[in-house]
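Architecture at a glance
One letter stands for each residue in the lines below.
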Amino acid sequence: MREKWVFFDLDGTLTQSEEGIWNCARYAAEKMGFPQPAEETLKKWIGPPLIWSFQHLMGMTEAQAWQAQEYYRERYTTVGKYENRVYPGVRRMLRALKRGGVRMGIVTGKPEQPTRDILAYFGILRYFERIACATDAKAEKEHLIRSVMPEEPAEVWMVGDRRFDMEGGAAAGVHTLGAAWGYGSEEELRTAGAERIAFSAWEAAKILCPDAEMPKGAFLSMEGLDGSGKSTQMEKLTGTLERFGFEVEHSREPGGTPIGEKIRELLLSRDNMEMTDVTEALLYAAARAQHVRERIRPALAAGKVLLCDRFLDSSVAYQGGGRRLGVDQVLALNALAVEDTLPLAVVYLDLDHRTSLRRRSEASELDRLEMEKESFHARVEEGYHALIARHPERYVVVDARGDREEIAKTIAAAVLEKLMAAEEKE
Ligand code: TYD
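Residues numbered from 1 in each chain as written. Predicted model: local features only at pLDDT ≥ 70, side-chain atom pairs only at ≥ 80, totals over all residues. Heavy atoms only, no water.

With respect to helix H4 (residues 62-76)
Helix length check: H4 (15 residues) gives 20 Å between terminal C-alpha atoms against 21 Å at 1.5 Å per residue, within 8%. Listed as buried for H4 are Ala65, Ala68, Gln69, Tyr72, Arg75 and Tyr76. Each buried residue of H4 sits inside an arc of 125° when the element is viewed along its axis, so together they form one side. Seen from the buried face of H4, the exposed residues on the opposite side, beyond 90 degrees, are Ala63 and Glu70. (Helix = DSSP H or I, 4+ residues; strand = E, 2+ residues; numbered from the N terminus. Expected span 1.5 Å × (residues − 1). Buried < 20%, exposed > 50% of the residue type's maximum accessible area, 1.4 Å probe, protein only. Arc of directions from axis to C-beta.)

Have a look at this one:
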């Protein structure tokens, strides 16, 4: 069968790599005794072959440029290559193209080892069947494209963010799509003869595969006793996931929707001390039913990662355990609210109730639930542990008393593994 092939440039197209590249260019300049390159110079750095940049952007002789390239690579192959991020929407684009039957490859001016290391680090190496990388002898895109050209393809595209990608693609006789989200301007891409231009990775996906379907997003929740550091860890996790190209939205329970926020006021207000335990459990479930439909499902349908501060587990722990309504009763009561919308992973910040109490009492004003006695919070803690024991595979349990940065690293590693495993199963 004749197939459609798409070749992607790496830097500036799939990954936003200026941090590492610029740090290495600065390092090479310093080692060579050249003045530090200006911001304007660095902006032009990404895309052309290194030797060309050292000569034409830093004013080196050819011999100096080869020496500078050695220094550059010394830093790049160890640290520079990971000072990098995947552009928003790129993961979604790759997933959709793969599902649409498009075959993919990489054509890059980078050497092979860092190229493979970067793709593997971000968990996207498996999308690419052919990889063409620059060698010292051969760096022109035209030759690189020709070296991986399929035999009798139905259609071949080169996608890149600089004129070198567009010119190389045209010279090799393939279609060209300019990635205007990268380092080259729209004008540069048009002048270089780009057949099509896309301003986002998703727009590119629709051009390359018009009937591409939106891949499903992922739902994550963060749980723990009050004072376990959920907000801090949500921010840190979001930062890491975004660096890996996941598009993250935040929400919280109770709340996350206008109706849910009104219910939240009812639940947390100290004016409502006469609220019965069953009323309380039903109100949390009611807020959740609205949240699932108005916020969570639409985010998942749009391919986003929805990260929620508390979800169903909180009801099981607080109402099931704390209020003694029972784990199974609270699950039953929530069944209609959530149906099959359950988190792919629940991060549990494990903090014993005494430490939680101590941290809470340092906070300014307590809400209705926070005012509860120590025994209530002890039962909440037990409730969480009962749930985790039932389905350990759904949880990422982390000791919340450790160092914040270490906690963040542990959570990120475990969550990334789950997200990537879910992508691989598609
Ligand atoms: P919030 O101020 O968001 O607390 P935190 O910052 O600790 O998350 O208040 C939410 C409170 O509601 C918190 O004490 C836990 C409680 N809660 C339940 O009892 N059941 C639930 O289903 C949910 C979602 C929260």
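Here the narrative resumes, following the displayed structure.
Some words on the site of the ligand
Near the ligand you find 15 residues, and of these Asp226, Lys230, Arg310, Ser315 and Gln319 are the closest. With respect to the ligand, the side chain of arginine 264 contributes an N or O atom lying 3.1 Å from an oxygen atom. Contributions of two or more residues to the shell around the ligand are made by helix H12 (258-268), helix H13 (277-301) and helix H14 (312-322). For the shell around the ligand, the element with the most residues is H14, which contributes four residues. When its residues are assigned to classes, the shell around the ligand shows five nonpolar, three polar and seven charged. (Near = heavy atom within 4 Å. Polar contact = N/O pair within 3.5 Å; in protein donor to acceptor, adjacent residues only side chain to side chain. Nonpolar A, V, L, I, M, F, W, Y, C, P; charged D, E, K, R; others polar.)

Focus: helix H15 (residues 327-338)
For H15, which comprises 12 residues, the first-to-last C-alpha distance of 16 Å matches the rise-based estimate of 16 Å (1.5 Å per residue) to within 8%. Of the positions making up H15, those classed as buried are Val327, Val330, Asn334, Ala337 and Val338. The arc that holds every buried residue of H15, seen down its axis, measures 75°, which confines them to one face. In H15, those exposed residues whose orientation departs by more than 90 degrees from the buried face are Ala332 and Leu336. Those residues of H15 hidden inside the fold are in contact with H13, H14 and helix H17 (374-390). Glutamate 339, located one to two residues past H15, shows a positive phi value of around 45°. (Contact = heavy atoms within 4.5 Å.)

As for the pairing of strand E1 (residues 4-8)
Within E1, four of the five residues are buried, which leaves the element mostly enclosed by the surrounding structure. Of the pairings in the sheet, the one linking E1 to strand E6 (residues 155-160) comprises five bridges and is parallel in character. Directly across from tryptophan 5, in E6, lies its bridge partner valine 156. Sheet topology places E1 next to strand E4 (residues 103-108); four bridges connect them, and they run parallel. Within E4, the residue paired with tryptophan 5 across the bridge is arginine 103. (Pairing = 2+ DSSP bridges.)

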